[in-house]
Amino acid sequence: MSNDLSLAQSHAFALARTLMVAVTVFQIDGAYGVLPSDEIDDADDLHVIHEFDPHDRRPAH
């Protein structure tokens, strides 16, 4: 968990590229976290910020 969104996004992007799996950045209780997307359940009380998918071929900007 981190209180810095840019740090969480940077780690999520690197993790997605390393593991080659979709990774989600989420917020809970004012902190940001990163998990592989398949480990997040709909019942979890998370505010999803972004999902990094290494197989997505769209431009970054």
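This section reports on the structure supplied with the text. For clarity, every value in this text was computed on a predicted model and none was experimentally measured. (Residues numbered from 1 in each chain as written. Predicted model: local features only at pLDDT ≥ 70, side-chain atom pairs only at ≥ 80, totals over all residues. Heavy atoms only, no water.)

## Side note on the side chain of Ser37
Checked against the element boundaries, Ser37 lands in the loop between β2 (31-36) and β3 (47-52). Ser37 sits in the buried class, given a relative accessible area of 15%. Among the polar contacts listed, one links the side chain of Ser37 to the side chain of Glu51, at a separation of 2.6 Å. (Helix = DSSP H or I, 4+ residues; strand = E, 2+ residues; numbered from the N terminus. Buried < 20%, exposed > 50% of the residue type's maximum accessible area, 1.4 Å probe, protein only. Polar contact = N/O pair within 3.5 Å; in protein donor to acceptor, adjacent residues only side chain to side chain.)

## Some points on a negative patch on the surface
A cluster of acidic residues, Asp29, Asp41, Asp42, Asp44 and Asp45, forms a negative patch on the protein surface. When you line up the elements, Asp42 lands in the loop between β2 and β3. (Patch = residues over 30% accessible without salt bridge, like charges linked within 9 Å, V, L, I, M, F, W, Y side chains within 5 Å. Areas by Shrake-Rupley, 256 points an atom, 1.4 Å probe, with all protein chains shown as cover. Salt bridge = Lys/Arg side-chain N within 4 Å of Asp/Glu carboxyl O. Lys, Arg positive; Asp, Glu negative; His and termini not counted. Charge placed at Lys NZ, Arg CZ, Asp CG, Glu CD.)

## Section: unusual backbone geometry
For residues besides glycine, phi is generally negative; the peptide bonds are generally trans as well. Its identity is not glycine, yet Met20 carries a phi of approximately 55°, on the positive side. Turning to its location among the elements, Met20 is positioned in the loop between α1 (5-19) and β1 (23-28). Here the phi dihedral of Asp29 falls at roughly 55°; this positive angle occurs in a residue that is not glycine. Note that Asp29 resides in the loop between β1 and β2. Of the residues examined, Asp29 reaches a relative accessible area of 81% and is grouped as exposed.

## Regarding the pairing of β1
Two elements, β1 and β2, share six bridges in a ladder whose sense is antiparallel. Within β2, the position partnered with Gln27 by the bridge is Tyr32. Examined bridge by bridge, β1 and β3 share five bridges and lie antiparallel to one another. Note on β3: the bridge partner recorded for Val23 is Phe52. (Pairing = 2+ DSSP bridges.)

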